[in-house]
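Residues per chain, in single letters:
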Amino acid sequence: MALQKEIWISSITEGLFADNSFAKRAINHSAFVDGKTVHIPGAGAAPSVTKTRATALENLTGLKGRVDTDLTYNIETYFAGPVLIENPEQVELSYDKRNSVLKSLKTALADKLYQDLLENWVPSAVTKIETTGEGVAATAPSATGKRGAVTRADVRALRAQFDKWDLPQTGRCLMLDADMYSQLLGSLTESEASAFLTTADAKSGIVGRLYGFDIYMRSKVITVTAAGAKKTGAAAATDSAAAIAWHDECVSVALGSVDINENAGDAIAFGDILSATVRAGGHYVRNDKRGVVLLYQSTVA
């Protein structure tokens, strides 16, 4: 069966967004995905304001221009495969292996690029809030001991931080991992849990709304050190799992079209070889790093 390239590119691209709909909650920079670096201009300090003309004229003494900043991030290319479909498999198997391979290429691309996207949304000096719930078993890879569970009070603390930043009430999002989501539900009363679940919107990927946040859930979000810093090295026993809260005007995403490649009837490999590539990227967009908060599990003695 020859590869129906246009059909499969469309199918895989739609699948990338369908399985990770949280990525739509960001400024869309996909128009720049064919470039190497995206530049985000940042306005400098706001001008002074006075209620008297004399004071305003005095400001002419130290008159100077506004110093703007340039925040940049790179667009990366993601490669999935190659995968071989041997010639006998195309006629002997009772299922469509080509279909299965193409779906696995989509899944592999999505797992990698959306995990990177979440991590790229988190600034190096991100604002951090520790969880306050009772001790539960640590869930980060290689972590041991107990960590504070996520509670509704922690989400309320996130709301307070966003309010202090004067961020709009709409557009607030929170990504929890599966364990954190379960912990949050456990902190709600029966009536609160019922109200929370009725706000879920499966089509948009929202599993509930609480204190103004549209809440999303995926198996893994991000791992941090005991101090709440993004993990960059090998997993350690002191690591903690973390959730990410963001405002959709404070982060960006760029996603290009998927390119599917096929070597049909490869004489050396004795079959068809399939692979896929996509260009993608994303970043926080404010130089003051407001609009993104890490909610990380506290260490409980």
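None of these values were measured; they are calculated from a predicted model.

Reading guide: rules and limits
Starting from 1, residues in each chain are numbered consecutively following that chain's sequence as written. The model is predicted, so local features are restricted to residues of pLDDT at least 70 and side-chain atom pairs to those at 80 or more, both for listing and for counting; the totals for chains, interfaces and linings are taken over all residues. Processing note: side-chain calculations cover all non-hydrogen atoms of the structure and skip hydrogens and water entirely. Strands are runs of DSSP state E lasting at least 2 residues, helices are runs of H or I lasting at least 4, and numbering of each runs from the N terminus. By the convention used here, residues are in contact when the closest approach between their heavy atoms is within 4.5 Å. Residue exposure ignores everything except the shown protein chains as possible cover, and the areas themselves are Shrake-Rupley values with a 1.4 Å probe. The nonpolar core is taken to be a set of buried Ala, Val, Leu, Ile, Met, Phe, Trp, Tyr and Cys residues, with the residues joined through side-chain atoms within 4.5 Å. When a residue's accessible area, from a 1.4 Å probe over protein chains only, is under 20% of the maximum for its type it is buried; when over 50% it is exposed; and in between it is partly exposed. Distance and chemistry together define a polar contact, namely a pair of N or O atoms within 3.5 Å, with one atom able to donate a hydrogen and the other to accept it when in protein, and with adjacent residues in sequence counting only for side-chain atoms on both sides. When a carboxyl oxygen of Asp or Glu lies within 4 Å of a side-chain nitrogen of Lys or Arg, that pair is called a salt bridge. Each aromatic pair joins two rings of Phe, Tyr and Trp (for Trp, the six-membered one) with centres within 6.5 Å, and gets the label stacked for planes under 30 degrees apart, edge-to-face for over 60, and tilted for any other angle. For two strands to count as paired, DSSP must find a minimum of two bridges between them. What goes into a patch is any residue over 30% in relative accessible area without a salt bridge, connected to like charges within 9 Å or, for nonpolar side chains (Val, Leu, Ile, Met, Phe, Trp, Tyr), within 5 Å.

J.: Can you help me understand the overall build of the protein in this one?
T.: Looking only at helices and strands, the protein features seven helices and 17 strands. Taking the intrachain contacts of the protein between residues at least 6 apart in sequence as the baseline, contacts between residues at least 24 apart amount to 77%. Carbon together with sulfur atoms contributes 53% to the accessible area of the protein, which is approximately 15700 Å² in total.

J.: Please clarify how the nonpolar core should be interpreted in this entry.
T.: Nonpolar side chains tend toward joint burial in soluble globular proteins. If you look at the biggest cluster of nonpolar residues, it comprises 49 residues, and the most contacted ones within it are Phe22, Tyr114, Trp121, Ile244, Trp246 and Leu294. Top element by residues in this core is helix 4 (residues 97-120). It accounts for nine residues. Not counting residues up to four positions away in its chain, the partners in contact with Trp121 are Phe22, Ala23, Arg25, Ala26, Trp246, Val251, Ser252, Gly282, His283, Tyr284 and Val292. Ile129, Leu167, Leu184 and Ala241 belong to the second-largest nonpolar core, a separate cluster that totals 25 residues.

J.: Explain the side chain of His247 to me, please; I cannot follow it from the model alone.
T.: Looking at the secondary structure, you find His247 in strand 12 (residues 240-247). Assessed through its relative accessible area of 1%, His247 is described here as buried. Of the polar contacts made by the side chain of His247, one reaches the backbone oxygen of Thr170; its length is 2.7 Å.

J.: Which parts of the structure should I look at to understand the pattern of salt bridges?
T.: Side chains that carry opposite charge are capable of pairing whenever their charged atoms lie near each other. Taken as a whole and assessed by the stated rule, the structure comprises eight salt bridges. With its nearest N and O atoms 2.2 Å apart, the salt bridge here joins Glu192 to Arg152. Here Arg152 lies in helix 5 (residues 152-164) and Glu192 lies in helix 7 (residues 190-198), a separation of 40 residues in the sequence. The salt bridge partner of Asp288 is Arg286, with a shortest N-O separation of 2.6 Å. Of the residues examined, Asp288 reaches a relative accessible area of 41% and is grouped as partly exposed. Exposure remark for Arg286: the relative accessible area of 28% places this residue in the partly exposed category. Salt bridges sharing common partners tie together Arg25, Arg209, Asp214 and Asp248.

J.: What exactly am I supposed to notice about the packing of aromatic side chains here?
T.: We describe a pair of aromatic rings using the distance from one ring centre to the other and the angle between the two ring planes. Inspection of every chain in the model, using the stated rule, returns eight aromatic pairs. Centroid distance Phe22 to Tyr114: 5.9 Å. Interplanar angle 70°. Geometry classified as edge-to-face. Pair noted here: Phe22 is in the loop between helix 1 (5-19) and strand 1 (27-28) and Tyr114 is in helix 4, with a separation of 92 residues, a long-range link. Linked through ring pairs, Phe22, Tyr114, Trp121, Tyr216 and Trp246 together constitute an aromatic cluster.

J.: I tried to follow the environment of Ala235 on my own but got confused; where do I start?
T.: In this fold, Ala235 is placed in the loop between strand 11 (222-224) and strand 12. Note on Ala235: relative accessible area 44%, which makes it partly exposed. When near neighbours in sequence (up to four residues on either side) are disregarded, Ala235 contacts Pro141 and Ser142.

J.: So what exactly am I meant to see when it comes to the sheet that holds strand 7 (residues 146-148) here?
T.: Backbone-to-backbone hydrogen bonds join strands into a sheet, with any given pair of strands oriented parallel or antiparallel. What the three strands build is an open sheet, ordered 6-7-17; its pairing is antiparallel. Two strands in the sheet have a free side with no partner beyond their single neighbour: strand 6 (135-137) and strand 17 (299-300). Here strand 6 pairs with strand 7 via three bridges, running antiparallel. Across the sheet, residue Val136 finds its bridge partner in strand 7, namely Arg147.

J.: Looking at this structure, I do not really get a nonpolar patch on the surface. What am I missing?
T.: A cluster of nonpolar residues, Leu57, Leu60 and Leu63, forms a patch on the protein surface that exposes about 320 Å² of accessible area. By the element assignment, Leu57 lies in helix 2 (residues 53-58). The exposure class assigned to Leu57 is partly exposed, which follows from its relative accessible area of 43%.

J.: Teacher, can you tell me more about the side chain of Asp177 here?
T.: Position of Asp177 relative to the elements: it lies in strand 8 (residues 172-177). Among the polar contacts made by the side chain of Asp177, one reaches the main-chain amide nitrogen of Asp179 at a distance of 3.1 Å. Reaching out from Asp177, the side chain makes a polar contact with the backbone nitrogen of Met180 at a distance of 2.7 Å. Leaving out residues up to four positions away in the same chain, Asp177 has contacts with Met217, Arg218, Ser219, Lys220, Val221 and Ala241.

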